[in-house]
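Residues per chain are reported as follows:
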Amino acid sequence: AKLLLQGTYGPTQESLQEARNLGSPEAWVRDQIDKPASLHRVHYRKRANGYVKNALRHHGVRDACERGSRWNRHAFNRWRDIGKTIEEIPTSSGSIYLNVDGIVRTEV
């Protein structure tokens, strides 16, 4: 269990049993190395909001992890956006685009 506490985000009953079945810490490490990488980037980018400089109807959108995609940590700027109106634009998928000065800033 200590190996899984240090080598994972926390053991589950299933992962404990799997480690026991492998027989040794070395076998568990080798098994982990041989598995395909699972990246947090894909998970994060599916849930993060990208900054779009122009309205989506005029430009294509890249997938979250596609080469050349651009993502920021914020949708609004505390100094640049003071006093501006935020416009809510419903989408066909049930989400809402938030526009500032006619430019899509994020999707919620």
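For the structure, see preceding data.
Just so we're clear, the structure is a prediction, and the values are computed from it rather than from any experiment. (Residues numbered from 1 in each chain as written. Predicted model: local features only at pLDDT ≥ 70, side-chain atom pairs only at ≥ 80, totals over all residues. Heavy atoms only, no water.)

Take the sheet that holds strand E2 (residues 96–100) next. Within a sheet, neighbouring strands are paired by backbone hydrogen bonds and run either parallel or antiparallel to one another. The three strands lie next to each other as E1-E2-E3, forming an open sheet whose pairing is antiparallel. For this open sheet the edge positions go to strand E1 (86–90) and strand E3 (103–107), each flanked by a neighbour on one side alone. The mean inter-strand angle of the sheet, taken between neighbouring strand axes irrespective of direction, is 35°. Alignment of E1 against E2, held across five bridges, turns out to be antiparallel. Pairing of glutamate 87 across the sheet is with asparagine 99, part of E2. (Pairing = 2+ DSSP bridges. Helix = DSSP H or I, 4+ residues; strand = E, 2+ residues; numbered from the N terminus. Axes fitted to C-alpha atoms, helices over the stretch in contact; angles between N-to-C directions.)

Let us now look at the packing of helix H2 (residues 13–22) against helix H3 (residues 25–34). H3 packs onto H2 with a crossing angle of 115° between their chain directions and a minimal axis gap of 8 Å. As summarised for this structure, H2 and H3 are arranged roughly perpendicular, according to the angle between their axes. Crossing geometry of H2 relative to H3 is assigned as right-handed. Residues Glu18, Ala19 and Leu22 of H2 lie in contact with H3, whose contacting residues are Ala27, Trp28, Asp31 and Gln32. Of the residues assigned to the contact of H2 with H3, the class counts are four nonpolar, one polar and two charged. (Parallel < 35°, antiparallel > 145°, perpendicular 65-115°, else oblique. Left-handed = near helix turned anticlockwise from the far one by under 90°. Contact = heavy atoms within 4.5 Å. Nonpolar A, V, L, I, M, F, W, Y, C, P; charged D, E, K, R; others polar.)

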